[in-house]
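What the coordinates show
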Amino acid sequence: MTHLAVIDMQHVFADPTSPWSVPRYREAATGVRRLLSAFGDAVTFTRFVAPGEPSGAWRAYYAQWPFALQPPDAPLWHLTDGFCDLAPHVLDGSAFGKWTPELAARVAPHGRLVLAGVSTDCCVLSTALAAADAGVEVLVAADACAGANDTAHAKALDVMDLYQPLIKVTTVAGVRALLGR
C-alpha cells in the first residue's frame, strides 16, 4: 500500500507576514492538490503545533519564536487551501518529524510513504529520515514541497537523495506514474 503524508500545510507557513513563512508555499499546495486524487483515503495530513509547555531544548527554541506558543486551535495552526475538507485523517505533533506511531500504523510495516508539504528542510526531511530508518520506502514529491527558501529546499532534497534506495526524490508526475494514475 502507498500512503500520502501531507506535512504541515498550515497558515503559519502560508502567511507571508509570518516569521515562519515559506515563500513557495502556493506552489507546494498546487502539487499537493495534484497528488490527493491519486490516494483516496490513504492520506494523512499533519499539523505542527506548539506544546502546552516546552521542555528540554524546545524551551530555547520557543524563546526564539514566542509568537508560536499558541493552543492547537489557534488560527495560525489551521490547514489552508480548503485542505480541512480534503483531510480524512489529521495528526498533530509538536516535533519536526511526523513519523509517529499513528502515521506508522496507517502506512503499515510493508507500505510505501509519499511525502509532500512544508518545510522541505525541516519537517519533511525529519519525517523522511525517521520513516526510512523504520524500513519504509519513502518517496518525496519535490514539486509538492517547499522550503524556507529555494536554497534550503534544494539542499534538503539533495540530502534526502543521498539515502537511496530508502528515500527517492521524485515529482508529482513520477508518483502518479508509479501508481498508474
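Notes on the structure in this doc start here.

Turning to the side chain of Thr-80, a few remarks are in order. By secondary structure assignment, the location of Thr-80 is in the loop between α3 (58-64) and α4 (83-86). A residue is classified by how much of its surface remains accessible, and Thr-80, at 4% relative accessible area, is buried. Not counting the four nearest positions on each side in its chain, Thr-80 is found in contact with Met-9, Gln-10, His-11, Ala-14 and Tyr-25.

This brings us to the pairing of strand β2 (residues 43-48). Across the six residues that make up β2, a large majority, six, are buried. Of the two faces of β2, the one lined by Val-43, Phe-45 and Arg-47 and the one lined by Thr-44, Thr-46 and Phe-48 are each fully buried. The sheet contact formed by strand β1 (residues 2-7) and β2 spans four bridges and is parallel. Each bridged residue has a counterpart across the sheet, and for Ala-5 the counterpart in β2 is Thr-44. Across four bridges, the pairing between β2 and strand β3 (residues 90-93) is parallel. When the sheet's bridge partners are listed, Phe-45 is paired in β3 with Val-90.

With omega at -15°, the peptide bond leading from Val-118 into Ser-119 counts as cis. On the secondary structure map, Ser-119 appears in the loop between β4 (112-118) and α6 (120-133). Cis geometry marks the peptide bond from Gln-164 to Pro-165; its omega dihedral reads 5°. At Asp-8, a position not held by glycine, the phi torsion is positive, near 55°. Within the secondary structure layout, Asp-8 lies in the loop between β1 and α1 (11-14). If you check the backbone angles, Asp-81 has positive phi at about 55° while not being a glycine. Within the secondary structure layout, Asp-81 lies in the loop between α3 and α4.

Okay, the pattern of salt bridges next. The tally for this structure, following the rule as stated, stands at eight salt bridges. A salt bridge links Glu-27 to Arg-24; its shortest N-O distance comes to 3.3 Å. Residue class for Arg-24 comes out partly exposed when judged on its relative accessible area of 40%. Its salt-bridge partner being Arg-34, residue Asp-143 comes within 3.9 Å of it at the nearest N-O pair. On the criterion of sequence distance, the pair formed by Asp-143 in strand β5 (residues 137-146) and Arg-34 in helix α2 (residues 25-36) is long-range, its members being 109 residues apart. Through salt bridges with shared partners, a single ionic network connects Arg-24, Glu-27 and Asp-150.

Turning our attention to the packing of aromatic side chains. With the rule as written, the count across this model stands at 16 aromatic pairs. A centroid spacing of 5.1 Å and a plane angle of 75° characterise the contact between Trp-20 and Phe-67, whose relative ring orientation is edge-to-face. You can see Trp-20 sitting in the loop between α1 and α2 and its partner Phe-67 sitting in the loop between α3 and α4, a full 47 residues away along the chain. Their ring planes at 25° and their centres at 6.0 Å tell us that Phe-48 and Phe-96 sit as a pair that is stacked. Of this pair, Phe-48 sits in strand β2 while Phe-96 is found in the loop between β3 and α5 (101-107), placing the two residues 48 residues apart along the sequence. Chaining the aromatic ring pairs together yields one cluster made of Phe-13, Trp-20, Phe-48, Trp-58, Tyr-61, Tyr-62, Trp-65, Phe-67, Trp-77 and Phe-96.

Cut-offs used in this document
Residues numbered from 1 in each chain as written. Predicted model: local features only at pLDDT ≥ 70, side-chain atom pairs only at ≥ 80, totals over all residues. Heavy atoms only, no water. Helix = DSSP H or I, 4+ residues; strand = E, 2+ residues; numbered from the N terminus. Buried < 20%, exposed > 50% of the residue type's maximum accessible area, 1.4 Å probe, protein only. Contact = heavy atoms within 4.5 Å. Pairing = 2+ DSSP bridges. Salt bridge = Lys/Arg side-chain N within 4 Å of Asp/Glu carboxyl O. Phe/Tyr/Trp six-rings, centres within 6.5 Å; stacked < 30°, edge-to-face > 60°.

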